[in-house]
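For reference, the chains in residue letters:
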Amino acid sequence: MKTKLFSTAFVIFTFFISCNRSENKSATTQDYALSELKSPEPQKTDDKDKQQIPVGKFSPPATDSAGSPVQATTLPNPDWDSKIIKTANLKLEIKDFKKYNDFVHNAVKQYGAYVAQEDQNLTDEKSEATITIKVPLPQFENMMNKLPDDGKVTEKKISSEDVTGEVVDTKSRLEAKKQMRLKYLEFLKQSKNMEEVLQVQNEINSIQEQIESAAGRVAFLTNQSAMSTINLTFYQPLEGYNPSDAAPSFLTRISNAFKTGGSWIAELFVGLVSIWPLLLITFVIYFGWKKLRPAKVIARKY
């Protein structure tokens with residue numbers, strides 16, 4: 001009887017233990033699954049173990065003040081920048097020659113220009129100066145507006161010439177000539193005799209001259225477009241000055257007529273003096289004919 005009770009108690013105890021183990025195992029499995037779903041925490045590393053990011057490999061996109069990405073702008077081709085040659089002719093009538101001359105030279109320094117040529121003509125009728133000014137293209141309009149100052153504009157003309165296409169075309173031909181020269185240099189290395197060497201060398205020399213000519217043309221046009229030209233003429237009329245386009249008075253016309261007649265007589269006298277040998281021969285022939293003519297008449301009578 002006791003043996004049966006002990007056996008029954010042992011079976012019941014074993015059953016409870018097995019059930020408890022199965023519940024613990026299921027709980028452990030559930031916890032492991034939940035832990036797998038969670039994101040792993042970042043591992044802490046020392047500064048020495050941090051990965052170095054190479055500089056210049058990656059840069060974040062540029063953003064404006066609102067945080068929006070800004071699109072990168074494409075730089076323009078410098079060969080296609082406008083190259084315009086501007087030339088201006090300006091003529092002024094001023095009141096004080098010396099004062100305005102100093103004003104012009106100060107304006108030249110102010111706008112970064114320079115005087116390429118200057119001529120002065122001082123007469124009893126007027127004081128006149130002609131100055132050729134080279135001014136940077138961005139300052140052309142400003143200087144043209146400043147130069148009249150308080151003078152009277154009697155003539156003003158501005159002309160422009162766009163040479164952008166010529167510059168681009170010349171540069172293209174220049175690059176083509178350089179490539180051709182490289183090919184001829186390769187031919188020169190492959191030449192087998194002196195005749196071939198001389199022939200290829202002549203072609204290279206001809207191409208080199210064309211390259212230098214094209215490069216010089218590009219440099220000239222670039223310089224001309226960078227610096228505009230102002231041909232400035234200013235004059236101060238003095239007492240007795242008569243402008244060329246003014247109609248002369250009656251007395252002036254009479255005076256000019258006397259001067260013209262006197263100049264004609266002087267020219268005629270100079271012309272006669274210049275042909276004095278011919279006049280002398282004419283006089284000798286005439287007087288000789290006069291002397292010989294009466295003798296012939298008397299001889300016929302007898």
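About the thresholds
- Residues numbered from 1 in each chain as written.
- Predicted model: local features only at pLDDT ≥ 70, side-chain atom pairs only at ≥ 80, totals over all residues.
- Heavy atoms only, no water.
- Pairing = 2+ DSSP bridges.
- Helix = DSSP H or I, 4+ residues; strand = E, 2+ residues; numbered from the N terminus.
- Axes fitted to C-alpha atoms, helices over the stretch in contact; angles between N-to-C directions.
- pLDDT = per-residue confidence, 0-100.
- Contact = heavy atoms within 4.5 Å.

**Q** I keep staring at the sheet that holds strand E2 (residues 114-122) and nothing clicks. Help me out?
**A** Spatial strand order, E2-E3-E5-E1-E4: five strands in an open sheet with mixed pairing. Of all the strands in the sheet, the pair left with one neighbour each is E2 and strand E4 (152-162). Here the strands of the sheet are splayed against their neighbours by 10° on average, with no regard to which way each runs. As judged from the eleven bridges shared by strand E3 (residues 126-136) and strand E5 (residues 227-237), these two strands associate in the antiparallel manner. Opposite serine 127, over in E5, you have glutamine 236 as the bridge partner.

**Q** What exactly am I supposed to notice about the pairing of E2 here?
**A** Remark: a regular strand shows side chains that alternate across the two faces of the sheet. Pairing of E2 with E3 involves eight bridges; the strand directions are antiparallel. Note on E3: the bridge partner recorded for leucine 122 is serine 127. Connecting the antiparallel pair E2 and E3 is a turn made up of three residues.

**Q** What am I meant to see in the confidence of the model for the protein chain here?
**A** For any part of a model where pLDDT is low, the fine detail of the predicted coordinates should not be relied upon. Residues of the protein chain with pLDDT of at least 70 account for 66%, and the chain-wide mean is 75. Note that pLDDT drops below 50 for residues 22-62; the model gives that stretch four contacts with residues more than four away or on any other chain. Below pLDDT 50 for its whole length, residues 69-79 participates in nine contacts with residues either more than four positions away or in separate chains.

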